[in-house]
Amino acid sequence: HQAPNTAVHLLVDVSGSMDEAVPQTTQTRCRLALDSAVALSVALESIRGVNPAVTAFPGIDAYVQVLQRHGERVARVAGRFIQHPRGGTPMYEALWYAAAQLVLQKESRKLLIVLTDGDPSRPANVKRLVGELENRGGIEIYGVGIATMVVKSLFRSHRVINDVRELRAALFEIARAALLAA
């Protein structure tokens, strides 16, 4: 079997709106999104030729919060995934950070998956940057909207999840399809 030779970077929105309680659970959107990110990263790091990383973007104290760097194992950094929703949605700055990290990776394919439940702080800049990264940067970008249609206007490849409890399955499906396309 040929290895996918892909660096995958997952950006997770942990803004204040992600504090919304998920019906029929005791969890918030943020907790389910972070749990889904952990599950996907654990699955990806077990695939030869896949190099995952996870970053949160809260907009307070810093534009990004590194949860797992490329090359790190989730088991060693699991405590970083304990995040609380806060701040705004600095998606533009988070995209720059993730793109810079992807470019540094040795894998020939670069995949960026963005999870969000709201409008970014600078939507026009986000849309322009996404186009540049896809067209000139060679980065494949997928936007996953949690009960928001905004991803349709920002990302060429997107998916909207109306029930956050479906997020984990959706993330796995996006990753599977993207890696099999390699």
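To keep things clear, this report deals only with the structure shown in the data block. (Residues numbered from 1 in each chain as written. Predicted model: local features only at pLDDT ≥ 70, side-chain atom pairs only at ≥ 80, totals over all residues. Heavy atoms only, no water.)

The next point concerns the overall build of the protein. In terms of helices and strands, the protein carries six helices and six strands. The C-alpha radius of gyration computed for the protein amounts to 15 Å, which stays within 12% of the reference 16 Å derived for 182 residues, consistent with globular compactness. Seen through its principal axes, the protein has C-alpha atoms that stretch 40 × 35 × 30 Å. Taking contacts inside the protein between residues at least 6 apart in sequence as the whole, the part at least 24 apart equals 69%. Charged side chains in the protein number 21 positive and 17 negative. The centres of these two groups are separated by 6 Å. (Helix = DSSP H or I, 4+ residues; strand = E, 2+ residues; numbered from the N terminus. Rg over C-alpha atoms; globule rule 2.2 N^0.38 Å. Contact = heavy atoms within 4.5 Å. Lys, Arg positive; Asp, Glu negative; His and termini not counted. Charge placed at Lys NZ, Arg CZ, Asp CG, Glu CD.)

In this structure the tally under the stated criterion is 13 salt bridges. The partner of Arg69 in a salt bridge is Glu72, with the nearest N and O atoms 4.0 Å apart. Across the salt bridge formed by Arg176 and Glu173, the nearest N and O atoms sit 2.9 Å from each other. Placement of the pair is Arg176 and Glu173 together in helix H6 (residues 167–180), with a separation of three residues, close to one helical turn. (Salt bridge = Lys/Arg side-chain N within 4 Å of Asp/Glu carboxyl O.)

For the pair helix H1 (residues 29–45) and H6, interaxial distance at closest approach is 9 Å and the crossing angle is 35°. In the crossing of H1 with H6, the sense of the turn from one axis to the other is right-handed. Between H1 and H6, the contacting residues are Leu32, Ala33, Asp35, Ser36, Ala37, Ala39, Leu40, Ala43 and Leu44 on the first element and Leu167, Arg168, Leu171, Phe172, Ala175 and Leu179 on the second. Of the residues belonging to the contact of H1 with H6, the class tally is 12 nonpolar, one polar and two charged. (Axes fitted to C-alpha atoms, helices over the stretch in contact; angles between N-to-C directions. Left-handed = near helix turned anticlockwise from the far one by under 90°. Nonpolar A, V, L, I, M, F, W, Y, C, P; charged D, E, K, R; others polar.)

Turning our eyes to something else, we now look at the environment of Ala181. Structurally, Ala181 is set in the segment after H6. Assessed through its relative accessible area of 63%, Ala181 is described here as exposed. (Buried < 20%, exposed > 50% of the residue type's maximum accessible area, 1.4 Å probe, protein only.)

What follows is about the pairing of strand E4 (residues 109–116). Summarising burial for E4: eight of the eight residues are buried, a large majority. Side chains Arg109, Leu111, Ile113 and Leu115 project from E4 onto one buried face, and the interleaved Lys110, Leu112, Val114 and Thr116 project onto a second face that is buried too. As defined by bridge partners, strand E1 (residues 6–13) adjoins E4 across seven bridges and the pair is classed as parallel. When the bridges of E4 are listed, His9 appears paired with Leu112. Here E4 runs beside strand E5 (residues 139–146); their pairing, made up of seven bridges, is parallel. Opposite Ile113, over in E5, you have Tyr142 as the bridge partner. (Pairing = 2+ DSSP bridges.)

We now examine the nonpolar core. Ranked by internal contacts, the top residues of the largest apolar core, which has 33 residues, are Leu10, Val12, Ile113, Leu115, Val144, Leu167 and Leu171. Those elements giving two or more residues to this core turn out to be E1, H1, strand E2 (50–57), E4, E5 and H6. Ignoring any residue separated from it by four or fewer positions in sequence, one finds Val144 in contact with Ile113, Val114, Leu115, Thr116, Val151, Arg159, Ile161, Leu167, Leu171 and Ile174. Membership of the second largest hydrophobic core comes to 23 residues, among which are Val64, Leu102, Leu112 and Leu154. (Core = buried A, V, L, I, M, F, W, Y, C linked by side-chain atoms within 4.5 Å.)

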